[in-house]
Amino acid sequence: MPDDAPALDLLALLPEQWRAVLTPHLDPVRTAALAEFVAREYETQTVFPPLEDLFSAYRLCPPQSTRVLILGQDPYHRAGQAHGLSFSVRDGVAVPPSLRNVFKELGEDVGVAKPRSGNLDGWAAQGVLLLNAVLTVRQATPGSHANSGWEEFTDATIRALNATPDRVVFLLWGGYARKKAALVTNPQHVVLEAGHPSPMNPRGFLGSRPFSAANKALADAGRPTIDWERTAG
């Protein structure tokens, strides 16, 4: 990245409401270092999602609207897939294997027919924060941006939601996501853990019934439930 290139201000890219609730949970020095890393990667590598989609999950799901968090690990690393929402792909993109299992469980759990598209904008619009623990990745190199500072950024997101008075249901799928359960300390919230939906993990996700359980937890707290059938925006 050229020395005279403008610095990337990650917080300025965030929607204002998220910036307000995340800032108290972020270390300014570490966040600046993360911004430098991300800017350099976008300048010198092919990185997904496209920069304009980096904070799509935050843009589509404001903090005060968030009722459910689904945590992924890092974005899809093939061209045309990642667009800033965990597990989601754009209309017209083939549904990846993990999302196929999500849709299979969706059908068995709440009777939703297999969606025609893997685009989950409709969930986000209802208050489902589709967050990855690491928000960027190099093309064809899964895990390439792990331990670069994103984990602290997204942990701050979980802490901010933990501080909210209204119930949030945290769906943590797979060993990596399940470690984040320790960040949820307020008793009004609900953590539902399961195995990862990847076909490489044939047990632990299918049959976990996360969608009906999340809606029950929301209803028990007097919060509106999610229409899981409405995937597209």
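As the structure is a prediction and not an experimental result, all values here were calculated from the model.

Caption draft 1: Representation of the packing of helix α5 (residues 97-110) against helix α9 (residues 210-220) in the model. Look at α5 against α9: their axes get within 7 Å of each other, and the N-to-C directions meet at 60 degrees. As judged from the angle between their axes, α5 and α9 are oblique. Here α5 contributes V102, E105, L106, D109 and V110 to the contact with α9, which in turn contributes P210, F211 and S212.

Caption draft 2: Inspection of the packing of aromatic side chains at higher detail. Scanning the model with the defined rule gives 12 aromatic pairs in all. Arranged with centres 6.2 Å apart and planes meeting at 80 degrees, the rings of W173 and F211 form a pair that is edge-to-face. You can see W173 sitting in strand β5 (residues 169-173) and its partner F211 sitting in helix α9, a full 38 residues away along the chain. Taken together, F87, W123, W173, F205, F211 and W228 form an aromatic cluster joined through their ring pairs.

Caption draft 3: Just the UniProt feature "active site" (unreviewed entry) in the protein chain, in detail. The sites that carry the UniProt feature "active site" (unreviewed entry) are, in the present numbering, D74. Residue placement: D74 occurs in the loop between β2 (68-72) and α5. Other than its neighbours up to four places away in sequence, D74 contacts N132, V134, V137, P142, G143 and S144. Within polar-contact distance, the side chain of D74 engages the backbone nitrogen of G143 at 2.7 Å.

Caption draft 4: Up close: the nonpolar core. Of all hydrophobic cores here, the largest spans 70 residues; its most connected members are I70, W123, W150, F153 and W228. Once residues within four sequence positions are removed from consideration, I70 is found in contact with S86, F87, W123, V128, L129, L130, L131, L171, W173 and W228.

Caption draft 5: A look at the sheet that holds β5. Here four strands make up an open sheet; going across it, the order is β3-β2-β5-β6 and the pairing parallel. Looking at which strands have only one partner, the edges of the open sheet turn out to be β3 (128-132) and β6 (190-194). If you compare each strand with its neighbour and ignore which way they point, the axes differ by 20 degrees on average. Pairing analysis gives five bridges linking β2 to β3, with the strands arranged parallel. For L69, the partnering residue across the bridge sits in β3 and is L129. The strands touched by α9 within the sheet are β2, β5 and β6, with β5 carrying the most contacts at an inclination of about 160 degrees.

Cut-offs and rules
- Once a new chain begins, its residue numbering starts again from 1 and follows that chain's sequence as written.
- Selection of residues for local features in this predicted model requires a pLDDT of at least 70, selection of side-chain atom pairs for listing and counting requires 80 or more, and totals for whole chains, interfaces and linings are taken over all residues.
- Water and hydrogen atoms play no part in the side-chain values, which are based on all heavy atoms of the structure.
- Orientation is described by lines fitted to C-alpha atoms, with helices fitted over the stretch in contact, and by angles between N-to-C directions that extend from 0 to 180 degrees.
- Numbered from the N terminus, helices here are DSSP runs of H or I no shorter than four residues, and strands are runs of E no shorter than two.
- Each angle receives one of four descriptions, namely roughly parallel if under 35 degrees, roughly antiparallel if over 145, roughly perpendicular if within 65 to 115, and oblique otherwise.
- Note on contacts: a residue pair qualifies if any of its non-hydrogen atoms lie within 4.5 Å across the two residues.
- In this scheme Phe, Tyr and Trp rings, the latter by its six-membered ring, pair at centre separations within 6.5 Å, and the angle between planes marks the pair as stacked below 30 degrees, edge-to-face above 60, and tilted otherwise.
- UniProt positions are given in the numbering used here, feature names are shortened, and annotations may be inferred rather than shown by experiment.
- We define a polar contact as two N or O atoms separated by no more than 3.5 Å, with the added condition that, inside protein, one atom must be a possible hydrogen donor and the other a possible acceptor, whereas residues neighbouring each other in sequence contribute only through side-chain atom pairs.
- For the purposes of this section, nonpolar cores are sets of buried Ala, Val, Leu, Ile, Met, Phe, Trp, Tyr and Cys residues that join through side-chain atoms within 4.5 Å.
- Each residue gets one of three labels from its accessible area relative to the maximum for its type: buried under 20%, exposed over 50%, partly exposed in between, using a 1.4 Å probe on protein chains only.
- At least two bridges found by DSSP between two strands are what make those strands a pair.

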